[in-house]
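Examination of the molecular architecture
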Amino acid sequence: MLSIETREDVTNMAESKYKFERLTPTDDVDLAVYEEAIDYVFENPDIKNVAISGAYSAGKSSVLASYKKNHSSLRFLHISLAHFQSPSEKDEPEVKESVLEGKILNQLIHQIPSDKIPQTNFRVKKKISTGSVIAKTVETIALLTAIVYLVCFNQWKNYVLTLPTNWFKTILELSTHPYALMIDGIIVIGLLCFFIYGLIKIQKNKNVFRKLNLQGNEIEIFEESDDSYFDKYLNEVLYLFENADADVIVFEDMDRFNANRIFERLREVNTLANIQLQKEDKKVLRFFYLLRDDIFVSKDRTKFFDYIMPVVPVVDGSNSYDQFISHFKKSGFFEKFDESFLQGLSLYIDDMRLLKNIYNEFVIYFNRLNITELDCNKMLAMIAYKNLFPRDFADLQLNQGSGRISFAKRQRDMVCRC
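Model, not experiment: these values are computed from the prediction.

The next thing to look at is the overall build of the chain. Along the chain, the regular secondary structure elements total 17 helices and seven strands. Of the contacts made within the chain by residues no fewer than 6 positions apart, 75% connect residues no fewer than 24 positions apart. Carbon and sulfur atoms make up 57% of the accessible area of the chain, which totals about 26200 Å².

Okay, here's the thing in structure tokens:
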């Protein structure tokens, strides 16, 4: 058995030796020309819809995260709509634009303080403080007591006179004085004003009371225009975006849904929101879209966006070998591989997140299966195959997959021959 000190030493050695990699965007990218390109966007108020384009895992999020870090005065709100391909994509129902709109609203209202959007019909549930409940309870009881005292003043006065003479009656007689009645009236008026103000505020913000029925006749109070469903939805969206207090709203992963009309809706929202913000002399609201290059199949994308900034992929088949070398050298694994094998395997890796995950999994598998006859080249090949074709890898482990097994074996052999 290892002592506690020995186990801690081993743990510290492992932490210093194996450099695991996170798959999230980094904020220390060398921006170079990207920074000047984004600066150009903020220097031109007529640029409101910006596309940051590139392949998946090209580094779009990292570029933006690094820019945010260098420009902390700008406020960014992120809306990310994750969507993953199922084993049988054809079985997936088509995603409706209304669903995407709902998801956008849902993420937006959770990032805006509720006190900035009191008129929204969407609410984020939050804990009600005990102090506020106690305060409202005391205020309500005080108003009811003051009203009862005002209405039943004479009955109260007669009751006090029937009490036996003592110090307690002397105190109560103060409440039977005419001036006490006047003070009570002032208190009632003050509390009623406070409550009426609260009701009108709730009505203006939430439109709680719409109609009043009086002897069978329906009378509409606080009348509002009868908007269509889309108009009401659009008005809600505009209200939220106008009060988001953000310089940029970033939309990520929306291209995965292949629902291009949502971009038309958002462009319309951006236009209308900026018209209102301009009336109030507020800052320009910009929409940044992180998209793959082929989201539009024609030249229409140059008509839709005001500015397009491409991001050159950090990793592709031509430089992934250098990335493999960098990761495995810093953890001391590089000498365990055949260099020509790494060169061949790197041709199949064109995604930085994929490369990092292959590296992380290798470190874990190697330390769990570290035996003398272990071939690191074959292990890395299988881990790469597991990441490239996860479904086929799972079928192979279960000796299942019918037609996919032969395809998987061919792919495995191809990778292993590297």
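Before going further, it helps to examine the packing of aromatic side chains. Applying the stated criterion across every chain yields a total of 27 aromatic pairs. Note on Phe42 and Phe288: the rings are 6.0 Å apart at their centroids and 40° apart in plane angle, and the pair reads as tilted. Here the residue Phe42 occupies a position in helix α2 (residues 33-43), and Phe288 occupies one in strand β6 (residues 286-291), the gap between them amounting to 246 residues. Residue Phe288 is classed as buried on the basis of its relative accessible area, which comes to 0%. Through successive ring pairs, a cluster of aromatic residues spans Phe241, Phe251, Phe263, Phe287, Tyr289, Phe304 and Phe305. It is Arg267 that lies over the ring of Phe304; its NZ or CZ is 5.6 Å from the centre.

A separate point is the sheet that holds strand β1 (residues 49-53). Pairing in this open sheet of five strands is parallel, and the strands run β2-β5-β6-β1-β7 from one edge to the other. Pairing within the sheet leaves two strands with one partner each, and these edge strands are β2 (76-80) and β7 (307-310). Going across the sheet, the axis of each strand differs from the next one's by a mean of 20°, ignoring polarity. With five bridges connecting them, strand β5 (residues 248-252) and β6 associate as parallel partners. Among the inter-strand pairings, Glu252 is bridged to a residue of β6, identified as Leu290. Along the sheet, helix α4 (residues 97-109) makes contact with β2 and β5, crossing β2 at roughly 140°. Contacting β1, β5 and β6, helix α10 (residues 261-279) runs over the sheet at an angle of about 160° to β6.

It is worth spelling out the side chain of Asp247 at this point. With respect to the helices and strands, the residue Asp247 is situated in the loop between α9 (229-242) and β5. A polar atom in the side chain of Asp247 sits 2.8 Å from the backbone nitrogen of Arg75. Not counting residues within four places of it along the chain, the set of residues in contact with Asp247 comprises Ser73, Leu74, Arg75, Lys283, Val284, Leu285 and Arg286.

Another aspect to go through is a nonpolar patch on the surface. On the surface, Ile147, Leu150, Val151, Leu192, Ile196 and Ile200 cluster together into a nonpolar patch covering about 500 Å² of accessible area. Listing elements by their share of the nonpolar patch, those giving two or more residues are α5 (130-151) and α8 (178-206).

Take the pattern of salt bridges next. Pairing of side chains with opposite charge becomes possible as their charged atoms draw close. Enumeration over the complete set of coordinates arrives at seven salt bridges. For Arg267, the salt bridge goes to Asp306, with nearest N and O atoms at 3.7 Å. Note that Arg267 is positioned in helix α10 and Asp306 in the loop between α11 (301-304) and β7, a separation of 39 residues in sequence. What makes Arg267 partly exposed here is its relative accessible area of 25%. Overall, Asp306 belongs to the partly exposed group, its relative accessible area being 31%.

The N-to-C vectors of helix α12 (residues 320-330) and helix α14 (residues 352-368) enclose an angle of 35°; their axes lie 11 Å apart at closest approach. With respect to the hand of their crossing, α12 and α14 are arranged in right-handed fashion. Side by side, α12 and α14 meet where Ser320, Gln323, Phe324, His327 and Phe328 of the first sit next to Met352, Leu355, Lys356, Ile358, Tyr359 and Phe362 of the second. Along the lines of polarity and charge, the residues of the contact of α12 with α14 split into seven nonpolar, three polar and one charged.

With 76% of its residues at a pLDDT of at least 70, the chain reaches an overall mean of 77. By mean pLDDT, strand β4 (residues 217-220) is the weakest element of the chain at 44, and α2 is the strongest at 93. Confidence over residues 1-15 falls short of pLDDT 50; this stretch has one contact with residues more than four positions distant or in other chains. Confidence drops under pLDDT 50 across residues 217-230; counting only partners more than four residues distant or on other chains, this segment forms 20 contacts.

Rules used in this analysis
- Per-chain numbering applies: the sequence of each chain, read as written, is numbered from 1 onward.
- Note on the predicted model: pLDDT of at least 70 is required for a residue's local features to be given, and 80 or more for side-chain atom pairs to be given and counted; whole-chain, interface and lining totals, by contrast, use all residues.
- Only hydrogens and water are set aside when side-chain values are computed; all heavy atoms of the structure are taken into account.
- Strands here mean DSSP runs of E at least two residues long; helices mean DSSP runs of H or I at least four residues long; both are numbered from the N terminus.
- Throughout, a residue-residue contact means that at least one pair of heavy atoms, one from each residue, lies within 4.5 Å.
- In these tables, accessible area is a Shrake-Rupley quantity obtained with a 1.4 Å probe, and a residue counts as shielded only by the protein chains included in the view.
- Note on aromatic contacts: the rings of Phe and Tyr and the six-membered ring of Trp form a pair at centre separations within 6.5 Å, being stacked when their planes are under 30 degrees apart, edge-to-face when over 60 apart, and tilted otherwise.
- To sort residues, take the accessible area from a 1.4 Å probe on protein chains only and compare it with the maximum for the residue type: under 20% means buried, over 50% means exposed, and anything in between is partly exposed.
- Look at NZ for Lys and CZ for Arg. If either is within 6 Å of the ring centre and within 35 degrees of the ring normal, a charge sits over the ring.
- In this description, strands pair whenever DSSP reports at least two bridges between them.
- The axes used here are C-alpha line fits, helices contributing only the stretch in contact, and every angle between their N-to-C directions lies in the interval 0 to 180 degrees.
- Here a polar contact is taken to be a pair of N or O atoms separated by no more than 3.5 Å, where protein atoms must pair a possible hydrogen donor with a possible acceptor and residues adjacent in sequence count only if both atoms sit in side chains.
- Patch membership requires over 30% relative accessible area and the absence of a salt bridge. Like charges are linked within 9 Å, and nonpolar side chains (Val, Leu, Ile, Met, Phe, Trp, Tyr) within 5 Å.
- Every case where a carboxyl oxygen of Asp or Glu lies within 4 Å of a side-chain nitrogen of Lys or Arg is listed as a salt bridge.
- By convention the crossing between two helices is left-handed if the near helix lies anticlockwise of the far one by an angle smaller than a right angle, and right-handed if it lies clockwise.
- Each residue is assigned to one class: nonpolar for Ala, Val, Leu, Ile, Met, Phe, Trp, Tyr, Cys and Pro, charged for Asp, Glu, Lys and Arg, and polar for all the others, Gly among them.
- Confidence of the prediction at every residue is given by pLDDT, a number between 0 and 100.

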